[in-house]
Amino acid sequence: MGNAILEMHHIKKSFGATQALKDVSFSVYPGEVHMLLGENGAGKSTLMKILAGSLQADSGQIIWEGTEVKIKNPSMAHQLGIGMVYQELALVEQMNVMENILMGNVPTYGNSPMIDWKKASEKSREILNRVGLGNLSAKTRLSDLTLGVRQLIEIAKALSRNAKLLILDEPTSALTNAEVETLFGIIEHLKTEGIGFVFITHKMEEVFRMGNSVTVLRDGDKIGETRKLHEVNEDDLIHDMVGRVITEFYPKEHNTKNGEVLLEVKGLSDEKNFRDVSFKVQKGEVLGVAGLVGSGTTEIMEAIFGLRKFTSGSIVFNGKEYSQSQPNVSLREGMGMLTKSRKSSLLLHMPIYRNVTLSNIRDFVVGKIFRLKKKELDVAEEYRKKLNLHARTITLNAGDLSGGNQQKVVIAKLLCANCKLFIMDDPTRGIDVGAKVEVYNILNELTRNGCGVILISSEMPELIGMSDRIIVAREGRIVGELMEEECTQERIMKKIAGGVNHE
Ligand SMILES: Nc1ncnc2c1ncn2[C@@H]1O[C@H](COP(=O)(O)OP(=O)(O)OP(=O)(O)O)[C@@H](O)[C@H]1O
Ligand SMILES: [Mg+2]
């Protein structure tokens, strides 16, 4: 297979008392996609940040194209040809596409500091073409683009620095199906140019579709050797990741419902994103909502929760008419929502336990001032165990957690609000296969206790596996409803596409 572009030997890294990497060795070859797998908190992002120069290893050796190197900062990594697309995007929203792509790498006239705008524009155009964004104006502001397009621009940015190795840390978690296909096409093409990839994901179908080789980390250790993907099966990989066999991925419990309606939405419209939306949620029920990104599912739920306006229609929640609400009012009435954006729902500089109790502060203060710290700690500790939160203590700041563990804190925060109805938009995004099962067990517990859940998910098996009933949205309307026994991927996809041959 020729020589490795990159070798990492015996890498160790601790954060305070947390040993994130114990002794990890890892190599990447030109033209391969190397899958890096492991549970939340296993050390995947840490290992890659060391390679990209944004973290320093405590000890160990990095060999780049046969020579030992010290990668002291991101710009050294860029110079070597290492590009990284971070789990949480690092783009600057206020800048335009071209400025982002060429950031820190703008062509100038000779040695002068004068920017050569013509060259800059040509260069960014050429790079945009390479990632299939030839039609995008380089003047567009980042804040006006979808996450998927921004992800592709991050890749474009890495390519503009002639990357030979590209690290993609959960690149598809915010992409639409079509954007995923574009991304995969680009990866396939760049492989033929000899570019090597490290690809981190929690989605097993991506592992087998895109990977050539695979390395598994668990608790900062490498489990077994790097293997070719055609030599392993899914069960082996999952076993290596979580250290046990998972027999049931969707442990859906069926409880008898008494038919009491918890939420009734009638004719809801905002005349822009959704029209004439009607549905009910019963107590003890998980209502799945299927639809492509852009079908209005997120907007509908945001309007119900009070995050955006609607112009006509009615919402009756728990027997009460609900006109233009606000999130804090909804919460008080017993309706909670987990939104897509993880970062905006956490205070990253605050400890985990504070974040967990944030949604229900009134239960944790006396006389408006005195916080019941012991109670906060107890409650947060309970969630830590329940959700298998990978954190040494719950006094750590949320920002020091791995991506998936931050998502678990977001879930704990929602649960702590003691709601009757939980609206969850992609709750298991970035959560590892083992911990997903924990989340599903929590859904069971909620419905057993008579709560209602609205589940939006981009993962069809999850939706089918955990819903009692599924409604399908297309172009802002509800176009179908399927009872659990009728739910198959094919039927849902047909309704989503509306009989038209979309994708
Ligand atoms: N800046 C930091 N300060 C303290 N601890 C940290 C910091 N960054 C990471 N850690 C810890 O290091 C461990 C490894 O985290 P890392 O982000 O590498 O996990 P990961 O494998 O990428 O997980 P995920 O799948 O959730 O993204 C975790 O226990 C995490 O809490
Ligand atoms: Mg990570």
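Reading the values: rules and limits
Residues numbered from 1 in each chain as written. Chains lettered and ligands numbered in written order. Predicted model: local features only at pLDDT ≥ 70, side-chain atom pairs only at ≥ 80, totals over all residues. Heavy atoms only, no water. Patch = residues over 30% accessible without salt bridge, like charges linked within 9 Å, V, L, I, M, F, W, Y side chains within 5 Å. Areas by Shrake-Rupley, 256 points an atom, 1.4 Å probe, with all protein chains shown as cover. Salt bridge = Lys/Arg side-chain N within 4 Å of Asp/Glu carboxyl O. Helix = DSSP H or I, 4+ residues; strand = E, 2+ residues; numbered from the N terminus. Near = heavy atom within 4 Å. Polar contact = N/O pair within 3.5 Å; in protein donor to acceptor, adjacent residues only side chain to side chain. Domains from an automatic or database assignment. Buried < 20%, exposed > 50% of the residue type's maximum accessible area, 1.4 Å probe, protein only. Contact = heavy atoms within 4.5 Å. Nonpolar A, V, L, I, M, F, W, Y, C, P; charged D, E, K, R; others polar. Pairing = 2+ DSSP bridges. Core = buried A, V, L, I, M, F, W, Y, C linked by side-chain atoms within 4.5 Å. Lys, Arg positive; Asp, Glu negative; His and termini not counted. Charge placed at Lys NZ, Arg CZ, Asp CG, Glu CD. Phe/Tyr/Trp six-rings, centres within 6.5 Å; stacked < 30°, edge-to-face > 60°. Arc of directions from axis to C-beta.

## Details of a nonpolar patch on the surface
Part 1: A contiguous nonpolar surface patch, about 410 Å² in accessible area, is contributed by Val366, Ile369, Phe370 and Leu372.
Part 2: Within the secondary structure layout, Ile369 lies in the loop between strand 17 (365-366) and strand 18 (370-371).

## Some remarks on the site of ligand 1
Part 1: Taken together, 21 residues lie around ligand 1, and Gly41, Lys44, Thr46, Ser402 and Gly404 are the ones closest in.
Part 2: Within the side chain of Asn40, one N or O atom sits 3.0 Å away from an oxygen atom of ligand 1.
Part 3: At 2.5 Å, a side-chain N or O of Thr46 approaches an oxygen atom of ligand 1.
Part 4: Among the elements of the structure, strand 2 (18-28), helix 1 (44-51) and helix 14 (403-416) are those that each provide at least two residues to the shell around ligand 1.
Part 5: Here the shell around ligand 1 spans two domains, since at least three of its residues come from each of domain 1 (6-242) and domain 2 (261-497).

## Considerations on the pattern of salt bridges
Part 1: Here the structure, examined in full by the defined rule, presents 22 salt bridges.
Part 2: A salt bridge links Arg384 to Glu381; the nearest nitrogen and oxygen atoms lie 2.9 Å apart. Taken as a pair, Arg384 and Glu381 lie in helix 13 (residues 373-386) at a separation of 3 residues, close to a single helical turn.
Part 3: On the basis of relative accessible area, Glu381 is assigned to the partly exposed category, the value being 22%.
Part 4: As a salt-bridge pair, Arg469 and Glu481 come within 3.0 Å of each other at their nearest N and O atoms. Placement of the pair is Arg469 in strand 21 (residues 469-474) and Glu481 in strand 22 (residues 477-483), with a sequence separation of 12 residues.
Part 5: Owing to a relative accessible area of 8%, Arg469 belongs among the buried residues under this scheme.
Part 6: For Glu481, a relative accessible area of 44% gives the class partly exposed.

## Quick look at the domain arrangement of the chain
Part 1: Segmentation of the chain into domains returns domain 1 (6-242) and domain 2 (261-497).
Part 2: At the interface, 19 residues of domain 1 touch 20 residues of domain 2.
Part 3: Inspection of the domain 1/domain 2 interface yields 0 salt bridges.
Part 4: Joining domain 1 to domain 2, the criterion identifies 5 residue pairs in polar contact (both at pLDDT 80 or more).
Part 5: With 3 residues, helix 8 (residues 234-242) is the single largest residue contributor to the side of domain 1 that touches domain 2.
Part 6: Across the side of domain 1 that touches domain 2, the residue classes tally to 5 nonpolar, 9 polar and 5 charged.

## What to know about the environment of Asn3
Part 1: Checked against the element boundaries, Asn3 lands in the segment before strand 1 (6-15).
Part 2: Excluding its chain neighbours within four sequence positions, the residues that come into contact with Asn3 are Tyr29 and Pro30.

## Comments concerning the sheet that holds strand 11 (residues 261-269)
Part 1: With antiparallel pairing, 4 strands are arranged side by side in an open sheet as 12-11-14-15. The open sheet is flanked by strand 12 (277-282) and strand 15 (320-321), the only strands paired with a single partner.

## Here's the deal with the nonpolar core
Generally speaking, soluble globular proteins have nonpolar side chains that are buried together.
Part 1: Formed by 51 residues in total, the largest nonpolar core has its most connected members in Met35, Leu166, Ile187 and Leu237.
Part 2: Sorting elements by how many residues they give to this core places helix 5 (residues 147-160) first, with 7 residues.
Part 3: When neighbours within four sequence positions are excluded, Leu237 is seen to be in contact with Leu37, Met204, Val207, Phe208, Val214, Val216, Arg227, Leu229 and Val232.

## Some remarks on the pairing of strand 2
Part 1: With 7 bridges connecting them, strand 1 and strand 2 associate as antiparallel partners. For Lys13, the partnering residue across the bridge sits in strand 2 and is Leu21.
Part 2: Turn length for the strand 1-strand 2 hairpin, with the two strands adjacent in sequence and antiparallel, is 2 residues, and the turn residue Gly16 shows positive phi of about 55°.

## What about a negative patch on the surface?
Part 1: Together, Glu205, Glu234, Asp235 and Asp236 make up a negatively charged patch on the protein surface.
Part 2: The biggest single contributor to the negative patch is helix 8, with 3 residues.
Part 3: As for its position among the elements, Asp236 is in helix 8.

## Quick word on the environment of Leu142
Part 1: Along the chain, Leu142 falls in the loop between helix 4 (117-130) and helix 5.
Part 2: When the C-alpha atoms of Leu142 and Val97 are compared, they prove to be 6.1 Å apart, with 45 residues separating the residues in sequence.

## What about the packing of aromatic side chains?
Part 1: The tally for this structure, following the rule as stated, stands at 3 aromatic pairs.
Part 2: Ring centres 5.4 Å apart and planes at 40° place the aromatic pair Tyr250 and Tyr440 in the tilted group. Taken together, the residues span a long stretch of sequence, with Tyr250 in the loop between helix 8 and strand 11 and Tyr440 in helix 15 (residues 433-448) at a distance of 190 residues.
Part 3: Given the relative accessible area of 28%, Tyr250 is considered partly exposed.
Part 4: Residue Tyr440 is classed as buried on the basis of its relative accessible area of 2%.

## Details of helix 17 (residues 489-497)
Part 1: The set of residues buried in helix 17 consists of Ile492, Ile496 and Ala497. The arc enclosing the buried residues of helix 17, seen along the axis, measures out at 130°, which places them on a common side. Along helix 17, exposed side chains directed more than 90 degrees from the buried face belong to Glu490 and Lys494.
Part 2: Check the buried side of helix 17 and you find it contacts strand 13 (286-290), helix 16 (460-466), strand 21 and strand 22.

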